[in-house]
Every structure is written in structure tokens, then in C-alpha cells.
Amino acid sequence: MSRAAARSVTIKVYRHHPSTATRPYLAAYHVPAYPRATVLSALLYIYEHLDPTLAFRYGCRFQKCGQCAVEIDGRPRLACLTYLKPDTIVRPLPKFPLLQDLVIERRGLWEKLLAYELYLPGGVDLTGTIAPDAPSLREPPEHARLMACRECLCCQAACPAWEGPQAPFGGPYLFVKLAQLLWDPRNDRDRRAQARALGIERCRSCGKCSCPNGIHIWRDAIMPLLGS
Ligand code: SF4
Ligand code: SF4
Ligand code: FES
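Everything numeric here is computed off the predicted structure, so don't read it as measured data.

What counts and what doesn't
Residues numbered from 1 in each chain as written. Chains lettered and ligands numbered in written order. Predicted model: local features only at pLDDT ≥ 70, side-chain atom pairs only at ≥ 80, totals over all residues. Heavy atoms only, no water. Near = heavy atom within 4 Å. Nonpolar A, V, L, I, M, F, W, Y, C, P; charged D, E, K, R; others polar. Pairing = 2+ DSSP bridges. Helix = DSSP H or I, 4+ residues; strand = E, 2+ residues; numbered from the N terminus. Axes fitted to C-alpha atoms, helices over the stretch in contact; angles between N-to-C directions. Contact = heavy atoms within 4.5 Å. Salt bridge = Lys/Arg side-chain N within 4 Å of Asp/Glu carboxyl O. Buried < 20%, exposed > 50% of the residue type's maximum accessible area, 1.4 Å probe, protein only.

**A look at the site of ligand 2**
As a matter of local geometry, ligand 2 sits amid Cys-159, Pro-160, Ala-161, Pro-172, Cys-203, Arg-204, Ser-205, Cys-206, Gly-207, Lys-208, Cys-209 and Ile-222. Residues that form the shell around ligand 2 fall into these classes: 8 nonpolar, 2 polar and 2 charged.

Structure below.
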């Protein structure tokens, strides 16, 4: 089908700027429905042709950066990986503070990454030089699978036990970060104790933290952190 012949569909997009007195609303836009059009391509069409004030994030356009995560028809998903359907409703990821339209504030979680030192210990040489006494890095398969995390936060938004960045329960995203380090031979912190401090025992084992990058969060992150 040629681009000129593409039919159009309606997409409804959440609009709100919290710093103004206006109320949130769903704006309807008519966008071309090309074969294999995605929600991200529709947002880009709106921005380029209909309304340049629409705020949303994206980076790679192909499942690599995690920046385009939004709620699509009630489910947290990657906009670049979700095909456009008629009457799709797009909202920001829930439970995060809103900056504008589809753009959420992620800083609260980054502060937790720092507070819990969810990074490798100091002294790791990032230049590629391997110290003589460096532990041999035989990557366990669990670690390799967990490193597919693209920080999209879809799992976090979908978790019924997580109540927001300031809540004490860490949520699946932070458990994935902890488990990455648990499986890393260079780790020198008690990651299971940190998981307990972040309330991992309150996980409901519901499996709603599904990951668009295929990480099995319950099996590869939560169960190992619980010591199972
Ligand atoms: S584990 Fe998956 S869903 Fe969660 S932040 Fe990482 S990529 Fe996103
Ligand atoms: S399994 Fe646990 S972490 Fe995952 S969504 Fe359910 S309560 Fe949240
Ligand atoms: S734009 Fe990068 S994951 Fe969607």
C-alpha cells in the first residue's frame, strides 16, 4: 500500500501540563495507519504534522533504549514495539510524577539506585584493562538474561504492590537491578539484605511485572533474591 493510500485511525493521547491550571484531557488525533505503523510512529506524526506541543520520549525507535514506555490501552508497553490500532488510548506510565503529557519523572528511582549503591564497587577499571587479581567473569546465564533490561520501567508501572517512587517497596525494576549485581562476581554487597530492606517479601508473586525485553523477573530476579 502506498503512503498516500493509507487509511487514518483515531488515537487518543493524554494531555496535561501540571504546572498550569488546565485539567488533564484525552486529545483525539487522526493519524495514518500504514501497515506495521506503531504507536510511536503515530506520536511522531502528531508531533510533526498536527501538534508540536505534544511531549513524549523516545530514542532508538527499536526496543533498545526503553525511553518510549507509556501506558497503551491500560497496559505499560513500549510505544515503538506496539502496533497501532483504531481508538488506541495512550497515557503516561502510572504512579510516576508527571512532567508533561506522556513524560514522567524518573528521578525518584535513580535516587534509590544511588542510595542502595546499585552499581559495581569502586575501582572497577572502565578502560578495558584487566587487573591481574580481577575475578574471572564467567557470566552465569541468569546474569546474561537480566542484562537485557533497558530501564523502560514497564514492570514497575504494572506492579500492583508498587505505589510510587517514594514508597518503601522497591518494585520489580529495582529487584532486577539488585539481581544483576547478585549474579555478578565483582559484587561486594549483600544484595539479598538490600532486597529485604526494599520489602521484597511483600511481593505478591502475581507475575504482572511482564517485561517487553523478555526478562522473567520472578524466576531470574525475585526468587534468587529471596534465596529460593
Ligand atoms: S526489567 Fe524489563 S520491564 Fe523492567 S525496566 Fe527492565 S526492560 Fe523494562
Ligand atoms: S510478582 Fe511481585 S514484583 Fe512482580 S508485579 Fe507481582 S507483586 Fe510486583
Ligand atoms: S524508542 Fe527506544 S525502546 Fe522504544
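Next comes the rest of the account.
**A word on the sheet that holds strand E1 (residues 8-15)**
In spatial order, the strands read E2-E1-E5-E3-E4; together these 5 strands make up an open sheet with mixed pairing. Every interior strand has two partners, whereas the edge strands, strand E2 (25-32) and strand E4 (75-78), have only one. Neighbour-to-neighbour, the strand axes of this sheet turn through a mean angle of 35 degrees, independent of strand direction. Where strand E3 (residues 69-72) meets strand E5 (residues 88-91), 2 bridges bridge the pair, whose relative direction is antiparallel. In the sheet register, Ile-72 faces E5, and the bridge partner there is Val-90. Sitting on the sheet, helix H1 (residues 39-50) touches E1, E2, E3 and E5, and the angle it makes with E2 is about 95 degrees.

**Topic: the pattern of salt bridges**
Tallied over the full model, the rule gives 9 salt bridges. Taking the shortest distance from any N to any O, the salt bridge between Arg-186 and Asp-184 comes out at 3.0 Å. Take Asp-184: its relative accessible area is 6%, and that puts it in the buried class. Note that Asp-188 and Arg-189 form a salt bridge whose closest N and O atoms lie 2.7 Å from each other.

**Regarding the environment of Pro-76**
Relative to the helices and strands, Pro-76 resides in strand E4. In sequence terms Pro-76 and Pro-92 are 16 residues apart; their C-alpha atoms lie 8.7 Å from each other. Setting aside anything within four residues of it in sequence, one finds Pro-76 in contact with Val-70, Glu-71, Leu-93, Cys-154, Ala-157 and Ala-158.

**Quick word on the pairing of E3**
Residues in a regular strand project their side chains so that they alternate between the two faces of the sheet. Of the two faces of E3, both are covered, the one formed by Ala-69 and Glu-71 as well as the one formed by Val-70 and Ile-72. The pairing of E3 with E4 spans 4 bridges and is antiparallel. Pairing of Ile-72 across the sheet is with Arg-75, part of E4. From the end of E3 to the start of E4, which pair antiparallel, there are 2 residues, and Asp-73 there has a positive phi angle of about 50 degrees.

**Looking at helix H5 (residues 172-182)**
Because the α-helix completes a turn every 3.6 residues, residues three or four places apart line up on one side. In terms of residue burial, H5 counts as a mostly covered element, since 10 of its 11 residues are buried. Listing the buried residues of H5 in full gives Pro-172, Tyr-173, Leu-174, Phe-175, Val-176, Lys-177, Leu-178, Ala-179, Gln-180 and Leu-181. Residues of H5 that are buried sit in contact with helix H2 (107-115), helix H3 (141-146), helix H4 (154-158), helix H6 (191-197) and helix H7 (217-226).

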